[in-house]
Amino acid sequence: MKKVSFLSAAKAVLTLFIFAGILTACSNSTSSDDHDHGDAEGFRLKMNGQTIVEQLPEQDLTGEFELTLDDPETDLITIYFIDHDGEEFQPEEDSYSLAYEFEETGIAEFEQHAEDGKWSFHLHAEAEGITDLRLMLMHNGHDDLTSQGIHVHVEASGQ
């Protein structure tokens, strides 16, 4: 009968634990590999099929909104998030939502309508002035992405 040394047995047990850990990690249904997108690192705001504002990963924001009190509401604006690979996506999980804040209040309002979906909104001119809008991708009570300031300029008329 062959004798098994303590060191050989310990190596075998350790090897089994390592393989079991790898197999368990690969089959974990809560891992981020199940998502069909990466983390949001940028975004695009589109209106009527055109990109109006965008903040690409590791780049500065481009674009702005100009509104008038004569025509106070924008067409529908839809946000698309951008992952590290430049792919657009919109989270499908209920734990994600869109939040906003204006630097100066009373100049423009953010309006969302249930029928437009949680990734679409309108901006509504309230008073002449300039403010910056920040959009936030919220996930379980914290922001996963906060935009740079989006310039919103409201003029008295469209002259």
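Residues numbered from 1 in each chain as written. Predicted model: local features only at pLDDT ≥ 70, side-chain atom pairs only at ≥ 80, totals over all residues. Heavy atoms only, no water.

1. Here we look at the overall build of the protein chain
Piece 1. From N to C terminus, the protein chain includes one helix and eleven strands.
Piece 2. Across the protein chain, helices and strands are ordered from the amino to the carboxyl terminus as α-β-β-β-β-β-β-β-β-β-β-β.
Piece 3. Here the protein chain holds 159 residues, and 31% of them are scored as buried.
Piece 4. When contacts within the protein chain are restricted to residue pairs at least 6 apart in sequence, those whose partners lie at least 24 apart make up 60%.
Piece 5. Element-wise, carbon and sulfur atoms account for 50% of the exposed surface of the protein chain, whose accessible area totals about 10,200 Å². (Helix = DSSP H or I, 4+ residues; strand = E, 2+ residues; numbered from the N terminus. Buried < 20%, exposed > 50% of the residue type's maximum accessible area, 1.4 Å probe, protein only. Contact = heavy atoms within 4.5 Å. Areas by Shrake-Rupley, 256 points an atom, 1.4 Å probe, with all protein chains shown as cover.)

2. A few points about the pattern of salt bridges
Piece 1. This model, assessed by the stated rule, comprises three salt bridges.
Piece 2. Measuring nitrogen to oxygen at the nearest pair gives 2.8 Å for the salt bridge that ties E54 to R44. On the criterion of sequence distance, the pair formed by E54 in strand β2 (residues 50–55) and R44 in strand β1 (residues 42–47) is long-range, its members being ten residues apart.
Piece 3. Classification of R44 as buried rests on a relative accessible area of 17%.
Piece 4. Here R44 ties to E88 by a salt bridge, and the two come within 2.9 Å at their closest N and O atoms. One end of the pair, R44, is in strand β1; the other, E88, is in strand β5 (residues 88–89), and 44 residues separate them in sequence.
Piece 5. Overlapping salt bridges, with partners in common, bring together R44, K46, E54 and E88 in one network. (Salt bridge = Lys/Arg side-chain N within 4 Å of Asp/Glu carboxyl O.)

3. Brief notes about the packing of aromatic side chains
Piece 1. Within the structure shown, the criterion is met by five aromatic pairs.
Piece 2. Taking 5.4 Å as the distance between ring centres and 85° as the angle between the ring planes, the aromatic pair formed by F81 and W119 counts as edge-to-face. One end of the pair, F81, is in strand β4 (residues 77–82); the other, W119, is in the loop between β7 (108–111) and β8 (120–125), with 38 residues separating them in the sequence.
Piece 3. We classify F81 as buried; its relative accessible area is 1%.
Piece 4. For W119, a relative accessible area of 8% translates into the label buried.
Piece 5. Here a set of aromatic residues connected by ring pairs shows up, and it is made of Y100, F102, F110 and F121.
Piece 6. Across from the ring centre of Y80, 5.1 Å away, lies the NZ or CZ of K46, which sits over that ring. (Phe/Tyr/Trp six-rings, centres within 6.5 Å; stacked < 30°, edge-to-face > 60°. Lys NZ or Arg CZ within 6 Å of the ring centre and 35° of its normal.)

4. Details of the environment of M47
Piece 1. Within the secondary structure, M47 is located in strand β1.
Piece 2. Looking at M47, the relative accessible area reads 18%, which means it is buried.
Piece 3. With 30 residues separating them along the chain, M47 and I77 place their C-alpha atoms 4.8 Å apart.

5. Comments concerning the nonpolar core
One recurring pattern in soluble globular proteins is that nonpolar side chains are buried together.
Piece 1. Ranked by internal contacts, the top residues of the largest apolar core, which has 29 residues, are F43, L45, F81, L123, L135 and I150.
Piece 2. Looking at this core, the elements with two or more residues in it are β1, β3 (65–68), β4, β6 (96–102), β7, β8, β9 (129–139) and β11 (150–155).
Piece 3. Contact partners of I150, with chain neighbours within four places excluded, come to F43, L45, V53, L61, F65, T131, D132, L133 and L135. (Core = buried A, V, L, I, M, F, W, Y, C linked by side-chain atoms within 4.5 Å.)

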